[in-house]
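Residue strings, one per chain:
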Amino acid sequence: VWQFLVCCTAFSTSYTHFIWFWNHGNFSLRRIGKVLFRQNYLVLWLCLTVHSPYTLYTIPAINTVVFLMVYIIMYIPPKLSADSLKTHENNGKQIVVMKICISFLLIVIITVAELHFSSLSTYSKSLFTIIYTSRLMVILGICIAYWTVLTKNGQTFNKGHGVLVLFGFGIYTVFLLCAERTPSFMIAHLLFITPPIVAYIIFRNWTEVVRSTYSVIFQQFGRMAIEFYILFQHVMLTHNGRGLLYLFPGYYAINMLATLTIVIFVSYIISQQSRIVTDSFNRTSSNEDDQLPV
């Protein structure tokens, strides 16, 4: 489940940044600085103060790698954006498909070479997750995002696509029940994670009602997801749960709830402060950047 959530986060990062770069065509260093600061400032602060390794916090590292890979793929000439491809109206789609295919082949070649000349045992679990999850989710996110662009922000599906939804979630469930926790499992998991993600996208675009429905609570959690993940992992997982606050001795559930409440509150405060700092990268606050949860 944890690896599934990490893959979904990496896919969302790839998809969102592709859409933003495509619509705005802003490849400036200022934009890179804002995104990288937003992703890593809390992690770097924890690394400096408590001497934690950077790879311990997998999601910020994955988001950083995914963002840089999307940026490189789209920035290398010919640039991939709605405005830059207007000069190639006749073969604009071919250019995008060609760059995606070349990027995918390069990623496959590099990955196969690494697996051939080194052993999976040389990677820690967190480092393995960062390297290979980011590579696969970049291509998947770009493909789905470009498909969204071509279909004018997506399309609705008929009820016959419900079979694909059930198949996507079903095959992933069967894989989790049958697979063993081995190094090969981690590689296979990256391949089997694709069907449920695609199934969710189909389900999300099933009808106009489903597509337009969202939770305000989840939206707010999405804005502070990075801070919440970092603090939750640092407090609850880094030291095997020893970061839990024992405000009520003998009541583990109440202590867990109290700690979680404090983590959520602190995450919200830090996320608000980080947005103020990132806005200071520009002379005036830009609403365009607020449209992208960096």
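The structure displayed is predicted, hence computed values, not measured ones.

1. Some words on the overall build of the protein chain
Part 1 of the argument: Tallying secondary structure elements over the protein chain gives 13 helices and zero strands in all.
Part 2 of the argument: The secondary structure elements of the protein chain, listed N-terminal to C-terminal, are α-α-α-α-α-α-α-α-α-α-α-α-α.
Part 3 of the argument: Contacts in the protein chain between residues at least 24 apart in sequence constitute 76% of all its contacts with a sequence separation of at least 6.
Part 4 of the argument: Summed over its atoms, the accessible surface of the protein chain is roughly 16700 Å², and 69% of this surface lies on carbon and sulfur atoms.

2. Points about unusual backbone geometry
Part 1 of the argument: P78 follows P77 through a cis peptide bond whose omega is -5 degrees.
Part 2 of the argument: Here P78 lies in the loop between α3 (58-75) and α4 (92-117).

3. Details of the packing of aromatic side chains
Part 1 of the argument: Inspection of every chain in the model, using the stated rule, returns twelve aromatic pairs.
Part 2 of the argument: Look at F21 and Y71: their rings are 5.9 Å apart centre to centre, the planes differ by 65 degrees, and that puts the pair in the edge-to-face class. Placement of the pair is F21 in helix α1 (residues 2-24) and Y71 in helix α3, with a sequence separation of 50 residues.
Part 3 of the argument: Taking the centre distance of 6.4 Å and the plane angle of 35 degrees together, the rings of F67 and Y71 count as tilted. Linking F67 with Y71, this pair stays in helix α3, spanning four residues, or about one helical turn. The residues F67 and Y71 share a single accessibility class, namely buried.

Conventions adopted
- Residues numbered from 1 in each chain as written.
- Predicted model: local features only at pLDDT ≥ 70, side-chain atom pairs only at ≥ 80, totals over all residues.
- Heavy atoms only, no water.
- Helix = DSSP H or I, 4+ residues; strand = E, 2+ residues; numbered from the N terminus.
- Contact = heavy atoms within 4.5 Å.
- Areas by Shrake-Rupley, 256 points an atom, 1.4 Å probe, with all protein chains shown as cover.
- Phe/Tyr/Trp six-rings, centres within 6.5 Å; stacked < 30°, edge-to-face > 60°.
- Buried < 20%, exposed > 50% of the residue type's maximum accessible area, 1.4 Å probe, protein only.

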